[in-house]
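Single-letter residue listing:
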Amino acid sequence: MTRQGTIPPDDKHDDAPAAKPRRQPFGFNRVLKTLGPGLITGASDDDPSGIGTYSQAGAQLGYGIGWTMLLTFPLMSAIQEISARVGRVTGHGIAGNVCRHYPGWLLAVVVTLLSIANTINIAADLSAMADAAKLLIGGPAILYVVLFGVTSVAAQIFMNYRRYVAILKWLTLSLFAYVAALAFAKVSWTEALAGVLLPRISWSADYFTTIVAILGTTISPYLFFWQASQEAEEQRVDVTKHPLIERHYGARREFSRIRADTITGMAFSNVIALSIIVTAAASLHAAGKTDIQTSAQAAEALRPIAGPFAEVIFALGIVGTGLLAIPVLAGATAYAVGEGRRWRVGLTRRPKEAIAFYSVLALSGGIGIALNFTPIDPIAALYWSAVVNGVLAVPVMVLLMFMARRRDVMDRFVVGGWLYWLGWLSTGAMALSVIAMGVGFLL
């Protein structure tokens, strides 16, 4: 068994002396190129629906809910790193491995629930983006729903993969809007710090439902599927990369890259989420505006409290993060369905080479658009979609942890050491929050 940090025999010559590389000048674009699936995954976690959940939590509970971000950082980092390792080692995403090693009914249940949750999320994100665009420039919101939805799906289908990934990376910068929004909020930094370091727990069903919603939007199943599949996708793009179970060389270097990429992405995600919570607590909660249901409502409510610039910054961030998150949501669904059916999958493939895969991607985005034309209010379902994600995450995480420990899946690269136990701690924390929510409803 190869434990965390142990060098496989075939990997020892990684330390052999080599010519000293020429020192490259520092540049932001160069740094951005070294980051990949982890950064995009972390940034897409703060999608418009997530922004709505964080805004709602901050508006309702104030600074006292900030501790959840400190808790979720190591937990989400561990489970995302494990997901990425599964993809890098096996050359398949999570669904691809489930269909090879587990009963078909289990795959069908997980993929069906994932697809439903992701599609609702897409619909809610499009609605929030449309409302934000309407706040900024006016016009009919439904027109923006179609525009944003079609643009996101078409870009995934027709744009060159490398160029598309580069665009997604640059879109992560839109999240800094929420750091900028802090400048317009009258933050009590003492209370904000206390909220992060000193948990204030209220033993009520509503409180634990909010906790599950936060965990469900922060540690979401679609993120596991996306990052694992993207690690596998990178091997199709780069001819020098192969699944580590086939070629062991370079494993230690690859695991170090995955860890740095994942920690960067998750830290970025949680800093932004905490900024949203603090902004909502300082502006909305302090002013008694606790009935915030969406991110667009949060942006609009900021105007009379924090000024028009805060509203504009918040609204721009919603549009930018939506353009980043919708491709990840639709892509995660397409990867899960396609890998489970053993289709040819991958954004690197041309549409005619993976018709079924791209059809699922387009269908997911199309249904998300269509829901905005029905009497069903996707925003009303959004909060419970986050709760469903939290509940669904538990069995998916259990499955992932067993998978990462199976030698017939991971060969010599089974996950061990502190990463393994931190992954189980993350799974246990999610399970306990779901149980606490259920008990709260029964009492």
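Throughout this document, residue positions are counted from 1 along each chain, in the order its sequence is written. Predicted model: local features are reported for residues with pLDDT of at least 70 only, side-chain atom pairs are reported and counted for 80 or more only, and whole-chain, interface and lining totals are derived from all residues. Based on all heavy atoms of the structure, the side-chain values leave hydrogens and waters out of the count.

Trainee: What's the story with the overall build of the protein chain in this structure? I'm lost.
Mentor: Of regular secondary structure, the protein chain possesses 19 helices and zero strands. Summary of the burial criterion: residues with accessible area below 20% of their type's maximum are buried, those above 50% are exposed, and those between are partly exposed, where the area comes from a 1.4 Å probe applied to protein chains only. In the protein chain, which comprises 443 residues, the proportion classed as buried is 58%. By the convention used here, residues are in contact when the closest approach between their heavy atoms is within 4.5 Å. Contacts spanning at least 24 positions in sequence make up 83% of the contacts within the protein chain whose residues lie at least 6 apart. A total of about 18300 Å² of accessible surface is found on the protein chain, and carbon and sulfur atoms cover 66% of it. The way it works is that DSSP assigns letters per residue, a run of H or I at least four long becomes a helix, a run of E at least two long becomes a strand, and they are numbered from the N terminus. For the accessible areas, the method is Shrake-Rupley and the probe is 1.4 Å, while residue cover comes only from the protein chains on display.

Trainee: Even after reading the chapter, I still don't get helix α16 (residues 355–371), so can you show me in this structure?
Mentor: Every α-helical turn comprises 3.6 residues, leaving residues that sit three or four positions apart pointing alike. Spanning 17 residues, α16 covers 24 Å between terminal C-alpha atoms, matching the ideal 24 Å at 1.5 Å per step. Those residues of α16 that sit buried are Phe357, Tyr358, Val360, Leu361, Ser364, Gly365, Gly368 and Ile369. In the core, the buried residues of α16 are packed alongside α6 (104–137), α7 (141–158) and α15 (308–340). In a helix, the anticipated span is given by 1.5 Å times the number of residues less one.

Trainee: Even after reading the chapter, I still don't get unusual backbone geometry, so can you show me in this structure?
Mentor: Where the residue is not glycine, phi is negative for most of them; where a peptide bond is considered, it is trans in most cases. Even without being glycine, Arg342 reaches a positive phi, approximately 60°. Here Arg342 shows up in the loop between α15 and α16.

Trainee: Got a minute to help me understand the pattern of salt bridges in this structure?
Mentor: Side chains carrying opposite charge are able to pair once their charged atoms draw close together. Should a side-chain nitrogen of Lys or Arg be within 4 Å of a carboxyl oxygen of Asp or Glu, the pair is scored as a salt bridge. According to the stated counting rule, one finds seven salt bridges in the structure shown. Arg259 serves as the salt-bridge partner of Glu81, at 2.9 Å between the closest nitrogen and oxygen. Of this pair, Glu81 sits in helix α4 (residues 67–90) while Arg259 sits in helix α13 (residues 251–285); the two residues are 178 residues apart in sequence, bridging distant segments of the chain. Exposure remark for Glu81: the relative accessible area of 3% places this residue in the buried category. For Arg406, the salt bridge identified is with Asp408, shortest N-O distance 2.6 Å. Judged by its relative accessible area of 25%, Arg406 is partly exposed.

Trainee: Honestly, the packing of aromatic side chains in this entry has me stumped. Any pointers?
Mentor: The geometry of an aromatic ring pair comes down to the distance between the two centres and the angle between the two planes. Centres within 6.5 Å make a pair out of two Phe, Tyr or Trp rings, where for Trp the six-membered ring is used; the pair is then stacked when the planes are under 30 degrees apart, edge-to-face when over 60, and tilted otherwise. Tallied over the entire structure, the rule returns nine aromatic pairs. When the ring of Tyr178 is compared with that of Phe314, the centres are 4.8 Å apart and the planes differ by 85°; the resulting orientation is edge-to-face. Of the two residues, Tyr178 sits in helix α9 (residues 177–181) while Phe314 sits in helix α15, which places them 136 residues apart along the sequence. Relative to Phe413, the ring of Phe255 lies with its centre 5.8 Å away and its plane at 80°, an arrangement referred to as edge-to-face. Pair noted here: Phe255 is in helix α13 and Phe413 is in the loop between α18 (407–410) and α19 (417–442), with a separation of 158 residues, a long-range link. Each member of the pair Phe255 and Phe413 is classed as buried. These aromatic residues form a ring-pair network of at least three members: Trp226, Tyr335, Phe357 and Tyr358. Charges are assigned to positions over rings by a cutoff of 6 Å between ring centre and Lys NZ or Arg CZ, combined with an angular limit of 35 degrees from the ring normal. Of note, Arg405 hangs over the ring of Tyr420, and the distance from its end group to the ring centre comes to 4.3 Å.

Trainee: Can you walk me through the side chain of Thr119 in this structure?
Mentor: By the element assignment, Thr119 lies in helix α6. Sequence-distant contacts of Thr119, that is, excluding residues within four places in its chain, are made with Ser364, Ile367, Gly368 and Leu371.

Trainee: Is there a simple way to think about the packing of α6 against α7 in this case?
Mentor: Between two packed helices, the angle of one axis relative to the other and the distance separating the axes together describe the packing. Lines fitted to the C-alpha atoms define the axes, with helices restricted to the stretch that makes contact. Angles between their N-to-C directions range from 0 to 180 degrees. Relative to each other, α6 and α7 sit at 120°, their axes nearing to 8 Å. It follows from the interaxial angle that α6 and α7 lie oblique. Crossing handedness for the pair α6 and α7: right-handed. Listed contacts from α7 to Leu126, Ser127, Met129, Ala130, Asp131, Ala133, Lys134 and Ile137 of α6 are Ala141, Tyr144, Val145, Phe148 and Gly149. Amino acids outside the nonpolar list (Ala, Val, Leu, Ile, Met, Phe, Trp, Tyr, Cys, Pro) and the charged list (Asp, Glu, Lys, Arg) are all regarded as polar, and Gly is one of them. Residues belonging to the contact of α6 with α7 are distributed by class as follows: nine nonpolar, two polar and two charged. For classification purposes, angles smaller than 35 degrees are called roughly parallel, those larger than 145 roughly antiparallel, those between 65 and 115 roughly perpendicular, and all remaining angles oblique. For any helix crossing, the convention is left-handed if the near helix is rotated counterclockwise from the far helix by under a right angle, and right-handed if that rotation is clockwise.

Trainee: Please explain the environment of Val278 as it appears in this structure.
Mentor: Looking at the secondary structure, you find Val278 in helix α13. Residues Val278 and Ser55, spaced 223 residues apart in sequence, show a C-alpha to C-alpha distance of 8.7 Å. Filtering out sequence-adjacent residues up to four positions away, Val278 remains in contact with Tyr63, Leu182, Val187 and Ala192.

Trainee: Explain the environment of Asp46 here, please?
Mentor: Within the secondary structure layout, Asp46 lies in the loop between α2 (37–44) and α3 (48–61). A relative accessible area of 0% means that Asp46 is categorised as buried. Spatially, the C-alpha atoms of Asp46 and Phe268 are 9.6 Å apart, while their sequence positions differ by 222 residues. Here Asp46 is in contact with Ile51, Tyr54, Leu175, Phe268, Ser269, Ile272, Ala273 and Thr321, once residues within four sequence places are set aside.

Trainee: Just checking my understanding: could you explain the environment of Glu246 for this structure?
Mentor: On the secondary structure map, Glu246 appears in the loop between α12 (221–237) and α13. Sequence spacing of Glu246 and Thr90 is 156 residues, and the spatial spacing of their C-alpha atoms is 8.3 Å.

Trainee: It is not clear to me how α4 should be interpreted in this structure. Could you clarify?
Mentor: An ideal rise of 1.5 Å per residue puts 34 Å on 24 residues; α4 measures up with 36 Å between its terminal C-alpha atoms. Along α4, the largest kink reaches about 30° and is centred on Phe73; proline Pro74 follows within four residues of it. Counting buried positions along α4 yields 20 of 24 residues, so the element is predominantly enclosed. To get the bend at a given residue, fit one axis to the seven residues ending there, fit another to the seven starting there, and take the angle between those axes.

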